[in-house]
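A structural walkthrough
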Amino acid sequence: MKEIYNFSAGPAVLPKSVLLKAQSELINYRDSGMSVMELSHRSSLFEEIIQEAESLLRELMAIPDNYRVLFLQGGASLQFTMVPLNLAKDQAVGYINTGTWSEKAISEAKKIPGLDVQILASSQESNYTNIPDLSTLDVPQDLAYLHLTTNNTIEGTSIYHLPKSGAVPLVADMSSNILSTDYQVADFGLIYAGAQKNIGPAGLTVVIVRDDLVGKEKVPSAMLDYAIQAKANSLYNTPPTYAIYIAKLVFEWVKELGGVKEMERRNQEKAQLLYDYLEISALFDSPVAIADRSLNNIPFVTGQPELDKQFVSEAEAAGFENLKGHRLVGGMRASLYNAFPVEGVHALIDFMTNFEQQHGG
Ligand code: PLP
């Protein structure tokens, strides 16, 4: 098999041991004579899978009992609509704008007729290369919620210090740093994440929502209604069964390695290696404010678009896949999620050092 390092921002690299376990169970799950893909979602074998997935996630994130865990579809993008539909009707809602995904969440909320969408802070002016100061944020207490993106996948920033929002529930799009940075669930009213970075295959969306926010508003669609999904234990319709099964295997892997704190430690170590190199490099540079740098998505540039292109193509030829920066920001981006091995970071730095020697600084 071709040996490569996959720096994709998502769908992203999965632990090899998880893929091997899935392979070993692919056509005959627990001697059932069936693949997990072929199991009825109402069967006891699948119910066991989804229940184990939930209880592992609860354990890994220390999710308090007064929160529901939902396994849904539609990606994090559908949550941009489900959150306002379920949580706000005649109340205003607040957003912190820290990048492209925040912008999309704001734009979807604005499509809901009559919803008053307020932007309380933004780093748009600095091209989203930093997180605005949230320590002094004045959060109006009549908001239905305050939405933030804990990790900005495209721009490479993270929110490490949450704003004090008083009684207003924080809603977090945690798509690109769930299970990778150790947040306290109780600090949020709702957390959502597309699975395809730190959880498993695309097609699954995890929502963790506090009881009092479930059934808060009447929702004109069963599929979009947290209350209906919660009552049905995420089995209102056919859920993404295979993706839930792989997520369960990933949760087991995270637990075996020592849990979210250990993931965070490993991610800090991997990210620091690359950031340290970027600091001393005379050719490559990080455009992101030091205090706000993401552990998971690390953009870097040479400042010369043609040289960036050459770097990406030479890197790809050498087995470093998916290093091209997002089309909106250009340059390069190394995504180092939980399953990305530290050896890949060392190899990338060696490659960058060689490239730098050839192309000057
Ligand atoms: N939010 C963030 C922070 C993301 O990184 C992404 C996807 O990369 C999304 C939302 C959209 O997720 P999905 O493709 O699951 O709708």
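Keep in mind the model is a prediction, meaning the values are calculated, not measured. (Residues numbered from 1 in each chain as written. Predicted model: local features only at pLDDT ≥ 70, side-chain atom pairs only at ≥ 80, totals over all residues. Heavy atoms only, no water.)

**Topic: the site of the ligand**
The ligand sits among Gly75, Ala76, Ser77, Phe80, Trp101, Thr149, Asn151, Thr153, Asp173, Ser175, Gln196 and Lys197. Contact distances for the ligand include 2.7 Å between an oxygen atom and a side-chain N or O atom of Lys197. In isolation the ligand exposes 390 Å². Once the protein is present, 85% of that is buried. In a pocket analysis with a 2 Å cut-off to the grid points, the ligand is assigned to the second largest pocket. Here the shell around the ligand takes four residues from helix α3 (residues 75-87), the largest share from any one element. Looking at the shell around the ligand residue by residue, the class counts come to three nonpolar, seven polar and two charged. (Near = heavy atom within 4 Å. Polar contact = N/O pair within 3.5 Å; in protein donor to acceptor, adjacent residues only side chain to side chain. Areas by Shrake-Rupley, 256 points an atom, 1.4 Å probe, with all protein chains shown as cover. 1 Å grid on protein atoms, 1.4 Å probe; cavity = no way out; pocket = protein on both sides within 12 Å on 5 of 7 lines; lining within 4 Å. Sits in = over half its atoms within 2 Å of the grid points. Helix = DSSP H or I, 4+ residues; strand = E, 2+ residues; numbered from the N terminus. Nonpolar A, V, L, I, M, F, W, Y, C, P; charged D, E, K, R; others polar.)

**Examining the sheet that holds strand β3 (residues 93-97)**
Strands sit in the order β2-β10-β9-β8-β5-β3-β4 across an open sheet of seven strands; the sheet is mixed. Where the open sheet ends on each side, the last strands, each with one partner, are β2 (67-72) and β4 (117-122). Looking at each pair of strands side by side, their axes are set apart by 20 degrees on average, direction ignored. Of the strand pairs in this sheet, β3 and β4 are connected by five bridges, and their pairing is parallel. When the sheet's bridge partners are listed, Ile96 is paired in β4 with Ala121. Taken strand by strand, helix α4 (residues 100-110) contacts β3, β4, β5 (146-149) and β8 (170-173), and its axis lies near 155 degrees from that of β3. (Pairing = 2+ DSSP bridges. Axes fitted to C-alpha atoms, helices over the stretch in contact; angles between N-to-C directions. Contact = heavy atoms within 4.5 Å.)

**Describing the environment of Leu146**
Looking at the secondary structure, you find Leu146 in strand β5. Overall, Leu146 belongs to the buried group, its relative accessible area being 0%. Along the backbone, Leu146 and Gln51 are 95 residues apart, and their C-alpha atoms lie at a distance of 30 Å. Those residues in contact with Leu146, other than ones at most four positions away along the chain, are Gly94, Tyr95, Ile96, Leu120, Leu137, Val139, Pro163, Ser165, Val168, Pro169, Leu170 and Val171. (Buried < 20%, exposed > 50% of the residue type's maximum accessible area, 1.4 Å probe, protein only.)

**Overview of the UniProt feature "domain: Aminotransferase class V" (unreviewed entry) in the protein chain**
With numbering aligned to this structure, UniProt lists the feature "domain: Aminotransferase class V" (unreviewed entry) at residues 4-348. The span residues 4-348 shows a helical share of 34% and a strand share of 15%, and its end C-alpha atoms are spaced 11 Å apart. (UniProt positions renumbered as here; feature names shortened; annotations may be inferred.)

**Remarks on helix α9 (residues 342-359)**
Look at α9: 26 Å from first C-alpha to last across 18 residues, which is about the 26 Å you get at 1.5 Å a residue. The set of residues buried in α9 consists of Gly344, Val345, Leu348, Ile349, Phe351, Met352, Phe355 and Glu356. Angular distribution of buried residues about the axis of α9 spans 165 degrees; they occupy a single face of the element. More than 90 degrees from the buried face of α9, the exposed residues found are Asp350, Gln357 and Gln358. Backbone geometry just downstream of α9 places Gly360 in the positive-phi region, at approximately 75 degrees. (Expected span 1.5 Å × (residues − 1). Arc of directions from axis to C-beta.)

**A word on the pairing of β5**
Both faces of β5 are covered, namely the face carrying Leu146 and Leu148 and the face carrying His147 and Thr149. Where β3 meets β5, two bridges bridge the pair, whose relative direction is parallel. In the strand pairing of β5, Gly94 is matched with Leu146. Taken together, the four bridges between β5 and β8 define a ladder with parallel strand orientation. Residue pairing across strands places Thr149 opposite Asp173, the latter belonging to β8.

**A short note on the UniProt feature "modified residue: N6-(pyridoxal phosphate)lysine" (unreviewed entry) in the protein chain**
With numbering matched to this structure, UniProt assigns "modified residue: N6-(pyridoxal phosphate)lysine" (unreviewed entry) to Lys197. Considering the arrangement of structural elements, one finds Lys197 in the loop between β9 (190-194) and β10 (205-210). Not counting the four nearest positions on each side in its chain, Lys197 is found in contact with Ala9, Gly10, Ala12, Val13, Thr153, Ser175, Ser176 and Tyr337. A distance of 2.9 Å separates the side chain of Lys197 from the backbone oxygen of Ala9, its partner in a polar contact.

**Some thoughts on a nonpolar patch on the surface**
A grouping of Leu26, Ile27 and Met37 is seen on the molecular surface, where their side chains present a nonpolar patch of about 320 Å² in accessible area. Among the secondary structure elements, Ile27 is positioned in the loop between α1 (16-24) and α2 (44-61). Taking relative accessible area as the criterion, Ile27 reaches 69% and is therefore assigned exposed. (Patch = residues over 30% accessible without salt bridge, like charges linked within 9 Å, V, L, I, M, F, W, Y side chains within 5 Å. Salt bridge = Lys/Arg side-chain N within 4 Å of Asp/Glu carboxyl O.)

**Structural notes on the packing of aromatic side chains**
Tallying each qualifying case throughout the model produces 18 aromatic pairs. Between Phe7 and Phe340, the ring centres sit 4.6 Å apart and the planes meet at 40 degrees, which makes this aromatic pair tilted. Here Phe340 lies in the loop between β13 (332-335) and α9 and Phe7 lies in the loop between β1 (5-6) and α1, a separation of 333 residues in the sequence. In this structure Phe7 comes out as buried when scored by relative accessible area, which is 1%. Overall, Phe340 belongs to the buried group, its relative accessible area being 3%. Relative to Phe284, the ring of Tyr277 has its centre 6.5 Å away and its plane inclined at 50 degrees; by these criteria the two rings are tilted. Here the two residues Tyr277 and Phe284 agree in accessibility, since each one is buried. Among the aromatic residues, those joined into a cluster by ring pairs are Tyr5, Phe7, Tyr277, Phe284, Phe300, Phe311, Phe320, Phe340, Phe351 and Phe355. (Phe/Tyr/Trp six-rings, centres within 6.5 Å; stacked < 30°, edge-to-face > 60°.)

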